[in-house]
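Chains, contacts and geometry: an overview
Okay, here's what each chain looks like letter by letter:
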Amino acid sequence: MSIDLHHAVAVVTGAGSGIGRAAAHAFARRGARVVVTDLIGERARTVADELGPRGVAAACDVTSVDDLRAVRGLALDHFGRVDLVMNNAGVLAVGPAEDIPLEAWQRVVDVNLLGVVRSNLVFLPGLLEQGSGHVVNTASTAGLLPYGFDRLPYTATKHAIVGLSEALALYLRPRGIGVSCLCPAGVATNIVEQIAFYGKPAPPRGPAFPVLDAESVGELVADGVLRDRFLILTAPQAADELREHGADIDAYLSRLTKDTP
Ligand SMILES: NC(=O)c1ccc[n+]([C@@H]2O[C@H](COP(=O)([O-])OP(=O)(O)OC[C@H]3O[C@@H](n4cnc5c(N)ncnc54)[C@H](O)[C@@H]3O)[C@@H](O)[C@H]2O)c1
């Protein structure tokens, strides 16, 4: 069921920077043509220019279903098809649970979770009709493990993306469409630029993972798609943590909170 990236047309959201940009490059290096989209149109154009004739750019806010429909139209007009959709745009709100306002929750849910939902509404009908393709949803290790206690909207949406992706795999795989869920640990990108901070910062608690460069993560994503892997992790330590968490959630949480004053 693995897709032939050499002949594929990919759409990547939030591809003007960081992981999305790196994935767009990694897909293009394997022969794919890429619709590079970002909230900031200028960023998308820069990345599309880097890809040369394999790239085309669109400004696209994933909170707008019309923007996503326009991206699909552009992909069909320019490259004739869509095979791979990477739902990657994501934002963060950081602070104690009691200080993050409802509006910040709404923003993070609207971008991180409903952005994926809107993309499914726009792109899945075409993928289902052709009976082939692949969807990559960018979640986070914070969507698998409980360490993101100081960024609850992020943690909640990333958990939702993991669950949504796993369930989607059950639905789409028998219909010829692959699903991957990228769960990066730390990656050096521009994500800090768009963090909204509230209240007093809290000291970190839980596992600390090594920070990768975005290019390495782009390679892991492209290889994961080619191998039709569901879970794409960027830190092997995350797999160990997941095993420990899965074996006994109570014991895992006790370990993480044992130093609580
Ligand atoms: N950097 C990390 O350590 C890390 C770890 C785990 C998961 N992630 C996830 O990876 C994804 C990409 O993040 P990154 O680290 O590359 O960050 P980044 O800020 O470098 O890139 C994100 C891009 O998304 C764009 N964007 C923001 N809001 C958007 C919207 N509404 N519509 C379309 N585009 C929008 C931004 O303009 C930016 O270019 C996010 O979903 C993030 O949660 C990142």
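Sequence order sets the numbering: in each chain, residues are counted from 1 along the sequence as written. In keeping with the model being predicted, local features are shown solely for residues with a pLDDT of at least 70 and side-chain atom pairs are shown and tallied solely at 80 or more, while totals for entire chains, interfaces and linings include all residues. Note: side-chain values were computed over all heavy atoms of the structure, leaving out hydrogens and water.

**Details of the site of the ligand**
Every one of the 29 residues lining the ligand counts as a neighbour, but Ser17, Asp38, Arg43, Tyr154 and Thr189 are closest to it. Coverage of the ligand by the protein chains reaches 96% of its 820 Å² of free accessible surface. Elements are defined by DSSP. Helices are runs of H or I of four residues or more, strands are runs of E of two residues or more, and each kind is numbered from the N terminus. Counting only elements with at least two residues in the shell around the ligand, the list comes to helix H1 (18–29) and helix H5 (152–172). A molecule or strand has a residue near it when one of that residue's heavy atoms lies within 4 Å. Note on areas: Shrake-Rupley, 1.4 Å probe, and residue coverage restricted to the protein chains presented here.

**Side note on a nonpolar patch on the surface**
Residues Leu114, Val117 and Leu121 make up a contiguous nonpolar surface patch of roughly 250 Å² in combined accessible area. Mapped onto the secondary structure, Leu121 falls in helix H4 (residues 102–130). Think of a patch as exposed residues, more than 30% relative accessible area, with no salt bridge, where like charges cluster within 9 Å and nonpolar side chains (Val, Leu, Ile, Met, Phe, Trp, Tyr) cluster within 5 Å. The term salt bridge refers to a side-chain nitrogen of Lys or Arg lying within 4 Å of a carboxyl oxygen of Asp or Glu.

**Concerning the UniProt feature "domain: Ketoreductase" (unreviewed entry) in the chain**
UniProt positions are given in the numbering used here, feature names are shortened, and annotations may be inferred rather than shown by experiment. Following the UniProt record, the feature "domain: Ketoreductase" (unreviewed entry) maps to residues 8–188 here. Annotated as residues 8–188, this span is 49% helix and 20% strand, and its ends, taken at the C-alpha atoms, are 28 Å apart.

**Remarks on the sheet that holds strand S4 (residues 84–87)**
Strand order in this open sheet of 7 strands is S3-S2-S1-S4-S6-S7-S11, and the pairing throughout is parallel. Unpaired on one side and paired on the other, strand S3 (55–59) and strand S11 (231–233) mark the two borders of the sheet. Along the sheet, successive strands turn relative to each other by an average axial angle of 15°, direction set aside. Sheet topology places strand S1 (residues 9–12) next to S4; 3 bridges connect them, and they run parallel. Bridge assignment links Ala10 to a residue of S4, and that residue is Leu84. A pair of strands is labelled paired if DSSP reports no fewer than 2 bridges between them. Helix axes are fitted only over the stretch in contact, all axes being lines through C-alpha atoms; the angle between N-to-C directions runs from 0 to 180 degrees.

**Comments concerning the side chain of Asp38**
Here Asp38 shows up in strand S2 (residues 33–38). The rule is simple: take the accessible area with a 1.4 Å probe, protein chains only, and divide by the maximum for that residue type; under 20% is buried, over 50% is exposed, in between is partly exposed. Under this rule, positive means Lys or Arg and negative means Asp or Glu; His and the chain ends count for nothing. No salt bridge forms around the buried Asp38; measuring N to O, its nearest opposite-charge neighbour Arg43 is 4.8 Å away. Counting of polar contacts relies on pairs of N or O atoms within 3.5 Å, with two restrictions inside protein: one atom must be capable of donating a hydrogen and the other of accepting it, and residues adjacent in sequence are counted only when both atoms are side-chain atoms. A polar side-chain atom of Asp38 sits 3.5 Å from the main-chain amide nitrogen of Ala15. Apart from the residues within four sequence positions on either side, Asp38 is in contact with Gly14, Ala15, Gly16, Ser17, Arg43, Ala44, Ala58, Ala59 and Cys60. Any two residues having at least one pair of non-hydrogen atoms within 4.5 Å are treated as being in contact.

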